[in-house]
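# Working through the structure, step by step
What follows is the residue order along each chain.
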Amino acid sequence: MIILGEDSQRVQDKDAQQYNISAARAVADSVRSTLGPKGMDKMLVSSTGDVTVTNDGVTILTEMDIDNPTAEMIVEVAETQEDEAGDGTTTAVAIAGELLKNAQDLLDQEIHPTAIIKGFHLASEQAREEVDNIAEPVDPDDEALLKKVAETSMTGKGAELEKDVLADLVVRAVQQITVAADDGSHVVDLQNLNIETQTGRSAGDSELLVGAVIDKDPVVDDMPTSFENADTLLLNEAIEVEETDVDTQVSIESPDQLQNFLDQEEEQLKAKVDKIVDSGADVVFCQKGIDDLAQHYLAKEGVLAIRRTKKSDIKFLKNVLGGSVVSDIDSLTAADLGNGSISRDEEDELFYVEGSGDEVHGVTLLLRGSTDHVVDELERGISDAIDVVSTTVSDGRVLAGGGAPEVELASRLRDYADSIEGREQLAVEAFADSLELVPRVLAENAGLDSIDSLVDLRAEHESGDTHAGLDATTGAVTDTFDAGVVEPAHAKEQAVASAAEAANLVLKIDDIISAGDLSTDKEDDQGGPGGAGGMGGMGGMGGMGGAM
């Protein structure tokens, strides 16, 4: 009986498991070399020729041309890690790949996937409990420790060269937008932090500004550009003649009719400008266009006008200045206006906007770099550092870095495995082995012997030093907490949980039914979905080309 279409493909049992595990491991292997302070970068070239140079795990995985359903599950691990913790994406994906590698060994020993899944789940739960046991508390006002967290996040990325200056900016920025709750916890409102970039200067010239930075020019050069106490209009409507909703034709039979038509358009524009002026607005940030004639009238009235302001900038200006975003000029009143001081830096060609009053918030981190590629990678590194510091302030716990938590968790999981009966014990031990991938890869990427490094780390942890980690610069095992290599505990918990859940999801699949070819390699002659084990070149990951 035929129940599947002619073009459908089906892979079952061990072939399906091998297919899925191979796909997931291929994704994990693609980012392993970026892990740690000595990690390498990837060059990603899009189909349109855009070039991105980065070692940020989630950026690499989302930019890759992945056309494989299992591989996309692993990419989701990175995206979840980025959303929940802000950093640790490469760690989460690498651990997920190693879990599946070790699961393959267990499957080869005829251990049922259900037992492996249960063991991985038990190990994940225990590991998260142990993270809390080995974590160190952190005071949100401890600037020195928070700077270490930021520096650790930036190490190995584009922000590393000026990490002292940038870490200080990151910590001060987060502290500016942190609010203490009634229950003693701290809430970091990232909506009140904006990041702007500018090329042409070094990263060390970056600065933290109270208020907003707008990279726009006034619509007319001779408009005033400095106001101490400006009433400001945020406008989401074009200051132009309104167009009809349908196509229309106007028949003009004489020059007088043409002049009347033009006069009516001019009156409409004049009425809009008069409405703005009557409201008391000194400055207009318009998200849309401004007609040339309206620009003339605004300049004549001494109003500063800036058009085509980004939607995100308008939203942030509302936080900084207060007031409302106006969508209909006819309904504009003085109550809709925000207030603050505005000045223009002619050298940088930027507007600096600072709000007034206690109810307005907002700070801007102005990042500078020599080229567009440098600035883009700097922004990614700073964004991760901000997320990490924010997570640390909100969560209040940190861990020693350099592979120290993974080795300690692995040791404790092996002890825990002794209390587990049945084949799940082997899965817990496999989970512990998988965690030790992190210090091994840190050593490999630093040009060290991974086996020797892991043996030394295990010896230190067995002697009771929970902070013993790998110094990738010297190759020595040291107290990484004292050395300033510090990570947020929440990111580690999330990485362990995400990796385990993704691995279990893949292991639970024993049948793949595809409406079309599972592989994009249509000429594969090995049978099955790209030879099952080969995955047809990762089903589209060939788009990475030489980036692997």
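Residues numbered from 1 in each chain as written. Predicted model: local features only at pLDDT ≥ 70, side-chain atom pairs only at ≥ 80, totals over all residues. Heavy atoms only, no water.

Looking at an unreviewed UniProt entry, the protein carries the name Thermosome subunit, with the source organism given as Halonotius aquaticus. The record held by UniProt for the protein lists under Sequence similarities (unreviewed entry) the comment "Belongs to the TCP-1 chaperonin family." (UniProt positions renumbered as here; feature names shortened; annotations may be inferred.)

## Regarding the overall build of the protein
The secondary structure content of the protein amounts to 17 helices and 21 strands. For the protein, the proportion of its 548 residues judged to be buried stands at 49%. Across the protein, every contact between residues at least 6 apart in sequence was considered, and the portion connecting residues at least 24 apart equals 76%. As displayed, the protein has an accessible area near 25,400 Å², and 43% of this comes from carbon and sulfur atoms. (Helix = DSSP H or I, 4+ residues; strand = E, 2+ residues; numbered from the N terminus. Buried < 20%, exposed > 50% of the residue type's maximum accessible area, 1.4 Å probe, protein only. Contact = heavy atoms within 4.5 Å. Areas by Shrake-Rupley, 256 points an atom, 1.4 Å probe, with all protein chains shown as cover.)

## Topic: the environment of S343
On the secondary structure map, S343 appears in strand β14 (residues 338–345). Separated by 119 residues in sequence, S343 and P224 have C-alpha atoms that sit 9.5 Å apart. Excluding its chain neighbours within four sequence positions, the residues that come into contact with S343 are T225, S226, L350, F351 and Y352.

## Some words on the pattern of salt bridges
Counting across every chain of the model gives 22 salt bridges. Note that D217 is salt-bridged to R344, the shortest N-O span being 2.6 Å. One end of the pair, D217, is in the loop between β9 (212–214) and β10 (227–235); the other, R344, is in strand β14, with 127 residues separating them in the sequence. Judged by its relative accessible area of 15%, R344 is buried. Across the salt bridge formed by D395 and R397, the nearest N and O atoms sit 2.9 Å from each other. (Salt bridge = Lys/Arg side-chain N within 4 Å of Asp/Glu carboxyl O.)

## Brief notes about the packing of helix α4 (residues 89–108) against helix α16 (residues 489–507)
Running from N to C, α4 and α16 point in directions that differ by 40 degrees, and their axes come no closer than 8 Å. On the basis of the axis angle, α4 is oblique to α16. Crossing angle aside, the handedness with which α4 passes α16 is right-handed. On α16, the residues touching T91, A92, I95, A96, L99, L100, A103 and L107 of α4 are K492, A495, A499, A500, A503, V506 and L507. Of the residues belonging to the contact of α4 with α16, the class tally is 13 nonpolar, one polar and one charged. (Axes fitted to C-alpha atoms, helices over the stretch in contact; angles between N-to-C directions. Parallel < 35°, antiparallel > 145°, perpendicular 65-115°, else oblique. Left-handed = near helix turned anticlockwise from the far one by under 90°. Nonpolar A, V, L, I, M, F, W, Y, C, P; charged D, E, K, R; others polar.)

## A closer look at the nonpolar core
Formed by 65 residues in total, the largest nonpolar core has its most connected members in L61, V93, I116, F120, L413, F431 and L507. Among the elements that take part in this core, α4 stands out by supplying ten residues, more than any other. When sequence neighbours within four positions are dropped, the list of residues in contact with L507 reads I21, L100, A103, L107, P113, I116, I117 and F120. Within the second largest apolar cluster, 38 residues are counted, among which are L233, L235, I290 and L321. (Core = buried A, V, L, I, M, F, W, Y, C linked by side-chain atoms within 4.5 Å.)

## A closer look at the packing of aromatic side chains
Using the criterion set out here, one finds one aromatic pair in the structure. Cation over ring: K270 sits above Y297, and NZ or CZ is 5.5 Å from the ring centre. Its guanidinium or amino end placed over the ring of F351, R344 lies 4.7 Å from that ring's centre, counting from NZ or CZ. (Phe/Tyr/Trp six-rings, centres within 6.5 Å; stacked < 30°, edge-to-face > 60°. Lys NZ or Arg CZ within 6 Å of the ring centre and 35° of its normal.)

## Some remarks on a nonpolar patch on the surface
Nonpolar side chains collect at one region of the surface, where M43, V45 and V51 lie side by side and expose about 250 Å² of accessible area between them. Inspection of the secondary structure assignment puts V45 in strand β2 (residues 42–45). (Patch = residues over 30% accessible without salt bridge, like charges linked within 9 Å, V, L, I, M, F, W, Y side chains within 5 Å.)

## A few points about the side chain of Q126
Mapped onto the elements, Q126 comes out in helix α5 (residues 113–134). In this view, Q126 contacts L413 and Y416; residues no more than four positions away in its chain are not counted.

## Focus on the sheet that holds strand β7 (residues 193–199)
Taken in spatial order, the three strands make up an open sheet running β7-β16-β8, and their pairing is mixed. Edge positions in the sheet fall to β7 and β8 (207–210), since each of these pairs with one other strand and no more. The sheet shows a mean angle of 25 degrees between the axes of neighbouring strands, taken without regard to direction. With seven bridges joining them, β7 and strand β16 (residues 363–369) adopt parallel strand pairing. Following the sheet pairing, N194 is matched in β16 by T364. In the packing of helix α10 (residues 311–321) onto the sheet, the strands contacted are β7 and β16, and the crossing angle to β7 comes to about 130 degrees. (Pairing = 2+ DSSP bridges.)

## Remarks on the side chain of T91
Position of T91 among the secondary structure elements: in helix α4. We classify T91 as buried; its relative accessible area is 10%. Those residues in contact with T91 that sit more than four places away from it in its chain are L35, E406, V438 and K492.

## Here we look at helix α15 (residues 450–462)
In this model α15 runs 18 Å from its N-terminal to its C-terminal C-alpha over 13 residues, within 8% of the 18 Å that 1.5 Å per residue would give. All buried positions along α15 are accounted for by S450, S453, L454, L457 and H461. Buried residues of α15 fall within an arc of 95 degrees about the axis and therefore sit on the same side. Exposed residues lying more than 90 degrees from the buried face of α15 are I451 and E462. Residues of α15 that are buried make contact with α12 (404–417), α14 (437–445), β18 (468–470) and β19 (477–479). Looking at where α15 begins, the residue whose side-chain oxygen comes 3.0 Å from the main-chain nitrogen of I451 is D449. Downstream of α15 by a residue or two, G464 has a phi angle that is positive, lying close to 105 degrees. (Expected span 1.5 Å × (residues − 1). Arc of directions from axis to C-beta. Polar contact = N/O pair within 3.5 Å; in protein donor to acceptor, adjacent residues only side chain to side chain.)

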